[in-house]
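# Examination of the molecular architecture
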Amino acid sequence: MMRSFRWLLWFCSLMLLSASAFAGVRFDGDWPEDDKNVSLSVTELPRADALRKLADQAGWSIVIDKPNRDKVDVQVKNQPPRKVMELLLTDRDYLVKREGTLVHVSVAQGSVVASEGSSAPSTALPASSGAAPAVPLPASAATAPAVPLAATSNDEPTPATSKTEPAAESSGGSGEDRVITGGKAVVRADEVVADLVVMGGAAEIYGVVTGDVSVLGGSAKLFKGAHVHGDASVMGGSLDVEDGARIDGSVDVLGGKVRRGDEAHVGGRVRDAARSAAAKGNSVLRDIGQALTRTAVLFVFGAVLLALATRRMESLEKEIAARPMRTFALGIVGLLLSALVVIVLCVTLVGIPLAVIGVLVGTFATYVGIAAALTTLGGALIHHKTPNPYAHLALGCVLYLAASSLPFIGGFVTAALVLVGIGSIFATRGAGFVRRKNDNGPYRTAAA
């Protein structure tokens, strides 16, 4: 009778060995057939890291419960990602759930770990109230290392559950919200947290945050291997993202800076208020510098004209001072006619060079008229104090610089000045370069 009982125990042990030797993967959720194929080449890489590289190739976000550190070699090209994952998960039974691009890998309940390098683990029966006699195993299974089954007592943990494993991972993989006030929050490498909120403290992240990270009145730092599936927002501090850390969402920092390594990954936009303010300040200074430069060049140009073409500049000034509205209207008409002439000339190959020359001459003439208009403006204000035309030109340039810098108004001021300058050129027939019939002199102005 005892001999028959021993053979029965041996048969049951053999059945348990056979059942545990074939690990399986159960896929749950939506796994579309049109997933793009992946190529993966790794050597002596831990199984969990190989899964992460597979997720990067497939465009997934992955959460791994109880990551296995056994090393694997993988060399696949243009294969379906689901098939590659199934081949990677051969050390035990797994449940793989997918929601969109979020993939959760967990060990199936009752799964027994297969030791690396063995074809099938041997199983020791749990102790009962009466000591069971030793069970001899066949020679084919004697070389497999023994892996004890879960204890029958509820007070002792099973081998598949680590004592240091966070409760969030064991209970579903998405973790629980964590709110810290007035202290430092640390997410360890083996922890999974849903949303992380820190007020009046700092955050150090080594593990996984499946939601958002929000820090108020402190700084945040993501170390190598950290993964934030949502957004990261920091107010009143800086955000450091080391090489190998990953943020799938956007980054917003107010009152600090964003520092990230060359190999750090941020999926969304990065908004650094300090850097934006500095860039805006630099842009304002650049605009002011350009405006001062343009005004200085315009003054130098006008001063040269006043020195070399005094009589022609005076004719322009007199025309503008005597009939400003007529000059403005002639500027509008002259601009339209000039544009029409350029278009007509560009129709033929012969006319294109003439059009280019005409545009250059017209631009020069326009600046001449603008200098005359500014000199007229300054002279209208301080002619009773000084007759110096250079002082008139300088005051006109300063007034134009101030008016053109005003928002919304500056554009209209510049347009009006350009049209008056063009109109003065047309009204004086190019400052006297084009003579009118029966004209007694080279200039015909309002005073003639």
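Below is a short write-up of the structure.

Here is what the cut-offs are and how they apply
Residue positions are given per chain, counting from 1 as you read along its sequence in written order. Residues qualify for local features only when their pLDDT is at least 70, as the model is predicted, and side-chain atom pairs are given and counted only at 80 or more; totals for whole chains, interfaces and linings, by contrast, use all residues. Excluding hydrogens and water, the side-chain values take into account all heavy atoms of the structure. To qualify as a helix, a DSSP run of H or I must reach at least 4 residues; to qualify as a strand, a run of E must reach at least 2; elements of each kind are numbered from the N terminus. We call two strands paired when DSSP finds no fewer than two bridges between them. Only the contacting stretch of a helix is used when fitting its axis, a line to C-alpha atoms as for every element, and angles between N-to-C directions run 0 to 180 degrees. Throughout, a contact is declared for two residues whenever any of their heavy atoms are within 4.5 Å. Residues enter patches when they are more than 30% accessible in relative terms and free of salt bridges; like-charged ones are connected within 9 Å and nonpolar ones (Val, Leu, Ile, Met, Phe, Trp, Tyr) within 5 Å. In these tables, accessible area is a Shrake-Rupley quantity obtained with a 1.4 Å probe, and a residue counts as shielded only by the protein chains included in the view. We define a salt bridge as a side-chain nitrogen of Lys or Arg found within 4 Å of a carboxyl oxygen belonging to Asp or Glu. Here the term buried applies to any residue with accessible area under 20% of the maximum for its type, exposed to any over 50%, and partly exposed to those in between, with areas from a 1.4 Å probe on protein chains only.

Moving on, we come to the environment of A380. Locating A380 in the fold gives a position in helix 9 (residues 351–382). Taking the C-alpha atoms as reference, A380 lies 8.2 Å from H392; in sequence the two are 12 residues apart.

Right, let's talk about the sheet that holds strand 3 (residues 61–64) for a bit. Within a sheet, each strand pairs with its neighbour through backbone hydrogen bonds, oriented either parallel or antiparallel. Pairing in this open sheet of 4 strands is mixed, and the strands run 1-5-6-3 from one edge to the other. Unpaired on one side and paired on the other, strand 1 (25–29) and strand 3 mark the two borders of the sheet. Each strand of the sheet is rotated relative to its neighbour by a mean of 20 degrees, with strand direction disregarded. Across 5 bridges, strand 1 lies against strand 5 (residues 94–99) in parallel orientation. Considered in strand 5, the bridge of V25 is made with Y94. Packing against the sheet, helix 3 (residues 81–88) makes contact with strand 1, strand 3, strand 5 and strand 6 (102–107), and its axis sits at approximately 140 degrees to strand 1.

Here the focus is the sheet that holds strand 10 (residues 185–187). A sheet is described by the order of its strands in space; here 5 strands give the open sequence 10-12-15-18-21, paired in parallel fashion. What marks the edges here is a single partner per strand, and that holds for strand 10 and strand 21 (258–260). Along the sheet, successive strands turn relative to each other by an average axial angle of 5 degrees, direction set aside. One ladder, built from 3 bridges, connects strand 15 (residues 220–222) with strand 18 (residues 239–241); its direction is parallel. By the bridge assignment, A220 is partnered in strand 18 with L239.

The next subject is a nonpolar patch on the surface. Together, V179, M199, L216, M235 and L254 give the surface a local cluster of nonpolar side chains, amounting to about 450 Å² of exposed area. Of note, V179 is situated in strand 9 (residues 176–181). For V179, a relative accessible area of 55% gives the class exposed.

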